[in-house]
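Chain and residue survey
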Protein chains: 2
Amino acid sequence: MNKRPDIDQMVNRLFSGDRRATARLITWVEDGMEETREAMRRIYPRTGKAKIIGITGAGGAGKSTLTDHLIRKFREQDKTVGVVLVDPSSPFSGGAFLGDRIRLQNHSQDDGVYIRSMASRGYLGGLSRATYDVIRIIEAMGAEVVIVETLGAGQDEIDVIHIAHTCLLVVTPGMGDDIQAMKAGIMEIATIIVLNKADLEGANACLRHLNTTLSAASFEEGEWVPKVIPTVSVGGKPQDIQGIDELISAIQEHHAHLQKTDAIDQIKSERVEHELGLIFKDELQKLIFKGLKGTGRKKRYIENIVKGKDDPYSVVDEVLKTYIKTKE
Amino acid sequence: MNKRPDIDQMVNRLFSGDRRATARLITWVEDGMEETREAMRRIYPRTGKAKIIGITGAGGAGKSTLTDHLIRKFREQDKTVGVVLVDPSSPFSGGAFLGDRIRLQNHSQDDGVYIRSMASRGYLGGLSRATYDVIRIIEAMGAEVVIVETLGAGQDEIDVIHIAHTCLLVVTPGMGDDIQAMKAGIMEIATIIVLNKADLEGANACLRHLNTTLSAASFEEGEWVPKVIPTVSVGGKPQDIQGIDELISAIQEHHAHLQKTDAIDQIKSERVEHELGLIFKDELQKLIFKGLKGTGRKKRYIENIVKGKDDPYSVVDEVLKTYIKTKE
């Protein structure tokens, strides 16, 4: 029989930067282990300081190559870097992701870099909830910058991007026609738009179009106006990319803007509010379903609904009356 | 000032097949109107009989053209048809969907067809929760068959497909290499695999590959084995498609299989359990947040967490203790 894992020991090993403990704790999150909650409670106070950078964009836009170069740049600045790769696990996503992972192996010998893939589905409390926890674990391990890379398709993945403080939206000239359609999305999500593969045909037109779109939008006084940074990358070596210094500058500029305007506090409050809501829902559901378990009530409720004798709204009312205090 | 909408009147108009009332009720769902809950409670007993057919597959696979032909076929059988189109609203999805919508205008003069688009995001209780409600409304209006079409990317959209009784996964020969990767997904999702554009190069190899994959998989005695149906469609006219009769036959065969094996009851139980869980979460969250609202407590909690004086897990515990009866 397995012993109950020692939460104290595991968390202390995490705080000392132990990679195996980090991996194990992330697996706890992914498996929905009962111990996760207590571990996260202890980890939480050690978090909240890292810069969280999101990278999103369609498949093939070059997100992983950019992530690779960003890691190198942050390492040159002597910053420890964590990376969370959210792998789409749709049956239609195909097998393109192994290549991305191989690209990031440049950093596999570097103790200052920790990279972890997560599947985009299969989490009881949802992908965002799990991603919050994984980012916090990696931060508590010691990462000063955490990069979260995700394909921006589907509500869950877009929610993940909302965890980031600075969000890079990677587009390519081939997407030209789509940019009109994504206007609203750009404004909502991107702090920096990276026009990757800027050596391709149509890049100049695309760049003009992006800048026109941005200048036509209205921003409030003091509000951050998304920047467009063209990049060209032909490989994984330092000399293989153009525009990376400009991109790093833009990230730093956005960070300085957040500090200066206190916007970082607002972002952090919003993130905490969102995270709090997710934890609430999760814990509430566990509690109620635990209460129903073994009583046979849940099965009876479902049978009655299927047979048309009852409806889910009335059932929920009845159960809530049993469990919720209406007055304190 | 707007009067409170008359739920009784609206629901009665729905039951009489009124299209404007149907549209209005769906808008209530989308807007998260308070009245939705009571309306859905009344609608619920009139639902549960329609065949729900899901159509999913990558963009450009030809889902909408197939939907168009399926509508026509069901109409030839004198069945009333509802269609729910879940439009991906990712900023990266581009503007390809207008074309799909135009394709379905063939049926705009037919009183026996009701078509509604839904955005894939922005629902408080989540996309699945909203889709359940929308399907039920369309069914209560009188639809005997409800087709749900969705791009199968992202957890939310995959969840939507799990609402269907019969699921068509549309693939094209061009996806050849991806099929290996989607093996697990095929088995999990598809009851019928439609190999569309079966006149393209590589179609035969793709067909062989799909059949090999399926015959290598193990199924339990009496379990449905996914069928592969090749189709070729060159336009929206009845003569413009090959394979549609075989597809309709396969759908009917699957339906007969569900009836014969009582699998339909199991599917309906699973759907109700899922729906019940979603409603629970939603109602619980509303209740708790309503309790916190105006007390200033939520804001204080968030501030303390951001400042590192508290963590979300402890806050959730504290609030739950206030609201949840631990013993009946």
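Predicted model, so just to flag it, every value in this text is computed and none were measured.

The rules behind the values
- Counting of residues starts from 1 at the beginning of each chain's written sequence and follows it residue by residue.
- Each chain gets a letter, beginning with A, and each ligand a number, beginning with 1, in the order they are written.
- The predicted nature of this model means local features are confined to residues of pLDDT at least 70 and side-chain atom pairs, given and counted, to a pLDDT of 80 or more, with totals for whole chains, interfaces and linings taken over all residues.
- Think of it this way: any DSSP run of H or I at least four residues long counts as a helix, any run of E at least two long counts as a strand, and we number them from the N terminus.
- Contact criterion: two residues are in contact if their C-beta atoms, reconstructed from the backbone, are within 7 Å.
- Here, any two strands with at least 2 DSSP bridges between them count as paired.
- To get an axis, a line is fitted to the C-alpha atoms, and for a helix only the part in contact is used. The angle between two axes follows their N-to-C directions and goes from 0 to 180 degrees.
- Around each residue's C-beta, the other C-beta atoms within 10 Å are counted; 20 or more make the residue buried, 12 or fewer make it exposed, and counts in between make it partly exposed. All C-beta atoms are placed from the backbone.
- Take the number of residues in a helix, subtract one, and multiply by 1.5 Å to get its expected span.
- This arc corresponds to the set of directions leading from the helix axis out to the C-beta atoms.
- Crossovers are marked right-handed if the path from the first strand over the helix to the second runs clockwise, as seen with the strands pointing away from the viewer.
- Just so you know how the angles are binned, under 35 degrees is roughly parallel, over 145 roughly antiparallel, 65 to 115 roughly perpendicular, and the rest oblique.
- Each crossing gets its hand from how the near helix is turned against the far one by less than a right angle, where anticlockwise is left-handed and clockwise is right-handed.
- We call Asp, Glu, Lys and Arg charged. Ala, Val, Leu, Ile, Met, Phe, Trp, Tyr, Cys and Pro are nonpolar, and the rest, Gly among them, are polar.
- One number per residue, pLDDT, summarises how confident the predictor is, and it ranges from 0 to 100.

**Things to note about the overall build of chain A**
- Helix and strand counts for chain A stand at 13 helices and nine strands.
- Within chain A, counting contacts between residues at least 6 apart in sequence, those at least 24 apart form 74% of the total.

**A word on the sheet that holds strand β3 (residues 113-119) of chain A**
Residue and element names in this part refer to chain A.
- The strand order across the open sheet built from seven strands is β3-β2-β4-β1-β5-β6-β7, with neighbouring strands paired in parallel fashion. Where the open sheet ends on each side, the last strands, each with one partner, are β3 and β7 (227-230). Taken pair by pair, the neighbouring strands of this sheet meet at an average axis angle of 20°, ignoring direction.
- Here strand β2 (residues 81-87) pairs with β3 via seven bridges, running parallel. Bridge assignment links V83 to a residue of β3, and that residue is I115.

**Side note on the environment of B:G82**
- Topologically, B:G82 is positioned in strand β2 (residues 81-87).
- For B:G82, a count of 26 C-beta atoms within 10 Å puts it in the buried group.

**Describing the pairing of β2(B)**
Residues and elements named next belong to chain B.
- Of all seven residues making up β2, six are buried, and the element is well covered by its neighbours.
- Inspection of the sheet shows β2 paired to strand β4 (residues 145-151) by six bridges, in the parallel sense. What sits directly across from V81, in β4, is V145.

**Section: helix α2 (residues 19-31) of chain B**
Residues and elements named next belong to chain B.
- Counted at 1.5 Å a residue, the expected span for α2 with its 13 residues is 18 Å, and the 18 Å between its end C-alpha atoms agrees.
- Residues of α2 that are buried: T22, L25, I26, W28 and V29. Buried residues along α2 cover an arc of 150° about the axis, so they all sit on one side. Set apart from the buried face of α2 by more than 90 degrees, the exposed residues are R20 and T27.
- Elements that come into contact with the buried residues of α2 comprise α1 (7-15), α3 (35-43), β3 (113-119) and α6 (127-141).
- Immediately downstream of α2, the backbone of G32 shows phi near 60°, a positive value.

**Details of helix α4 (residues 63-76) of chain A**
Residues and elements named next belong to chain A.
- The terminal C-alpha atoms of α4, which comprises 14 residues, lie 20 Å apart, in line with the 20 Å expected from a rise of 1.5 Å per residue.
- Burial of α4 is extensive: 10 of the 14 residues sit out of reach of the surface.
- Restricting attention to buried positions, one finds in α4 the residues K63, S64, T65, L66, T67, D68, H69, L70, I71 and F74.
- Positive backbone phi, at 70°, marks D78, one or two positions downstream of α4.

**A word on the pairing of strand β6 (residues 192-195) of chain A**
Residues and elements named next belong to chain A.
- In β6, alternate side chains face the same way, and those of I192 and V194 on one face and I193 and L195 on the other are all buried.
- Inspection of the sheet shows strand β5 (residues 166-171) paired to β6 by four bridges, in the parallel sense. The residue of β6 that forms the bridge with L168 is I192.
- Note: β6 against β7, four bridges, orientation parallel. Directly across from I192, in β7, lies its bridge partner K227.
- Handedness of the β6-helix α9 (residues 203-216)-β7 crossover: right-handed.

**A short note on the sheet that holds β4(B)**
All names here are of chain B.
- Pairing in this open sheet of seven strands is parallel, and the strands run β3-β2-β4-β1-β5-β6-β7 from one edge to the other. Where the open sheet ends on each side, the last strands, each with one partner, are β3 and β7 (227-230). Taken over all neighbouring pairs, the strand axes of this sheet differ in orientation by 20° on average, direction set aside.
- Direction of pairing for strand β1 (residues 51-57) relative to strand β5 (residues 166-171): parallel, over a ladder of four bridges. Bridge pairing in β5 links I55 to L168.
- On the sheet, helix α4 (residues 63-76) packs against β1, β2, β3, β4, β5 and β6 (192-195) and is oriented at approximately 175° with respect to β4.

**Overview of the packing of helix α1 (residues 7-15) of chain A against helix α2 (residues 19-31) of chain A**
Residues and elements named next belong to chain A.
- As a packed pair, α1 and α2 sit with axes 8 Å apart at the nearest point and diverge in direction by 125°. Taken together, the axis directions place α1 and α2 in an arrangement best described as oblique. Note that α1 runs across α2; the crossing there is left-handed. Facing M10, R13 and L14 of α1, the residues of α2 in contact are A21, T22, R24 and L25.
- Here the contact of α1 with α2 is built from residues that sort into four nonpolar, one polar and two charged.

**With respect to unusual backbone geometry**
- If you check the backbone angles, A:K197 has positive phi at about 60° while not being a glycine.
- Position of A:K197 relative to the elements: it lies in the loop between β6 and α9.
- One non-glycine residue, B:D78, adopts positive backbone phi at about 70°.

**Considering the confidence of the model for chain A**
Residue and element names in this part refer to chain A.
- Of the residues in chain A, 83% reach a pLDDT of 70 or more, and the chain-wide mean stands at 82.
- When mean pLDDT is taken per element in chain A, α1 scores highest with 95 and helix α8 (residues 176-189) scores lowest with 55.
- Long-range and interchain partners of residues 90-96, a stretch whose pLDDT sits below 50, account for 21 contacts in this model, where long-range means more than four residues apart.
- For this predicted complex, the interface score ipTM comes out at 0.71, while the overall pTM is 0.68.

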